[in-house]
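Per-entry structural report
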Amino acid sequence: DDGKLSFDEFKAYFADGVLSGEELHELFHMIDTQNTDNLDTEELCEYFSQHLGEYENVLSVLEALNITILKAMDKTKKDYQEASNLEQFVTRFLLKETLNQLQSLQSSLECAMETTEEQTRQERQCPTKPEVLSVQWPGKRSARRLQKNSLLPNNPHFNTGWTEEDSQWMTQINRLQKLIDRLEKKDLKLEPFEEEVLEENAKSHIMIVQRQMSVIEEEIEEFRLALKQYVESASTQGGCLHVSIQKIPSDARFIVYEFWENSNAWNSHLQMNYSKTFQRSNVDFLETPELITTMLVPGKYQFFTFF
């Protein structure tokens, strides 16, 4: 709020999981032509205006579009209440169609961003410093948009012996993964209550575990190694369905999502030596005690729809 950016503020906004901290620092000083260790609006505009290319026209059109939409919203606010039912219906349709067009455009841009970021990461081939790690079953794309890298243990369990039940589990896991994405965006509405009748002795619930760990800055690399070993060991367990690990760019915090067939599988996992070893190592790696949240979700659910 002081009208300028420090390096920490610059890094928090521009870090994309591709440029390293050193490269961001070099870029910061390249833009800081006045050598004040802070960036003002003029310096940022001067730097990016030299690289706009075709996007100069894009940004110009977006600015005009923003002004046009705001004018339309202002007129809608003034006229809607006094309009006839038919006129209100037409207004609602036009609003919905405008939103659909903007969302379609946004989806194209997001796809382009993901593609360029993934291509850059593949070119750099830097698996030791991923921003987000993920362990997933072969042949399945994770629904996590922020996924940066994959670790697939070299174990025959991941390549052979697949059954129809395994496929059903993975279908369900993909749905749950998408559900977490939607919940994080708060893009949710609840359907009318629908009662579910469970079959006796059925595998009715999946255990979702969220583990939040704030790591000491100097211990991040050691923690990454320990975390990788933990994930590789956990993913070979029969009851483990999926593990997804997210690194928060703004600080040294990791969030681990684990999906287990049921609570018994999770509890058994906690008693394994690799799990205890990881928990003991966290005593030295974490700034604060680990925060664990667990939740049982139905193996088959129809509770949510998204828009």
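Please refer to the structure placed before this passage.
None of these values were measured; they are calculated from a predicted model.

1. Quick notes on helix H2 (residues 21-31)
- Restricting attention to buried positions, one finds in H2 the residues Leu24, Leu27, Phe28 and Ile31. Projected down its long axis, H2 carries its buried residues within an arc of 105 degrees, all on one side. Projecting away from the buried face of H2 at angles above 90 degrees are the exposed residues Glu22 and Glu26.
- The secondary structure elements touched by the buried residues of H2 are strand S1 (4-5), helix H1 (7-14), strand S2 (39-40) and helix H3 (41-49).

2. Looking at H3
- Taken together, the buried positions of H3 are occupied by Glu43, Leu44 and Tyr47. The buried side chains of H3 occupy one side of the element, clustering within an arc of 95 degrees when seen end-on.

3. Quick notes on the packing of aromatic side chains
- Summed over the entire model, instances satisfying the criterion amount to 12 aromatic pairs.
- Taking the centre distance of 5.0 Å and the plane angle of 55 degrees together, the rings of Phe223 and Phe254 count as tilted. With Phe223 in helix H7 (residues 220-235) and Phe254 in strand S8 (residues 253-260), this residue pair connects regions lying 31 residues apart in the sequence. Across the pair, Phe254 and Phe223 agree in class, each one buried.
- Through a chain of ring-to-ring contacts, the aromatic side chains of Phe7, Phe10, Tyr13, Phe14, Phe28, Tyr47 and Phe48 assemble into a single cluster.
- When the ring centre of Phe254 is taken as reference, the NZ or CZ atom of Lys247 above it lies at 6.0 Å.

4. Here's the deal with the pattern of salt bridges
- Here the structure, examined in full by the defined rule, presents six salt bridges.
- Between Lys78 and Asp74 there is a salt bridge, and its shortest N-O distance comes to 3.4 Å. Note that Lys78 and Asp74 are positioned in helix H4 (residues 55-79) at a spacing of four residues, about one turn of the helix.
- Using a relative accessible area of 58% as the deciding quantity, one classes Lys78 as exposed.
- Where Glu221 meets Arg224, a salt bridge forms, and the shortest distance between an N and an O atom there is 4.0 Å. Of the two residues, Glu221 and Arg224 are both situated in helix H7; the distance of three residues between them amounts to about one turn of the helix.
- The class for Arg224 is buried, based on a relative accessible area of 10%.
- One network of salt bridges, with partners in common, ties together Arg211, Glu258 and Glu290.

Calculation criteria
Residues numbered from 1 in each chain as written. Predicted model: local features only at pLDDT ≥ 70, side-chain atom pairs only at ≥ 80, totals over all residues. Heavy atoms only, no water. Buried < 20%, exposed > 50% of the residue type's maximum accessible area, 1.4 Å probe, protein only. Helix = DSSP H or I, 4+ residues; strand = E, 2+ residues; numbered from the N terminus. Arc of directions from axis to C-beta. Contact = heavy atoms within 4.5 Å. Phe/Tyr/Trp six-rings, centres within 6.5 Å; stacked < 30°, edge-to-face > 60°. Lys NZ or Arg CZ within 6 Å of the ring centre and 35° of its normal. Salt bridge = Lys/Arg side-chain N within 4 Å of Asp/Glu carboxyl O.

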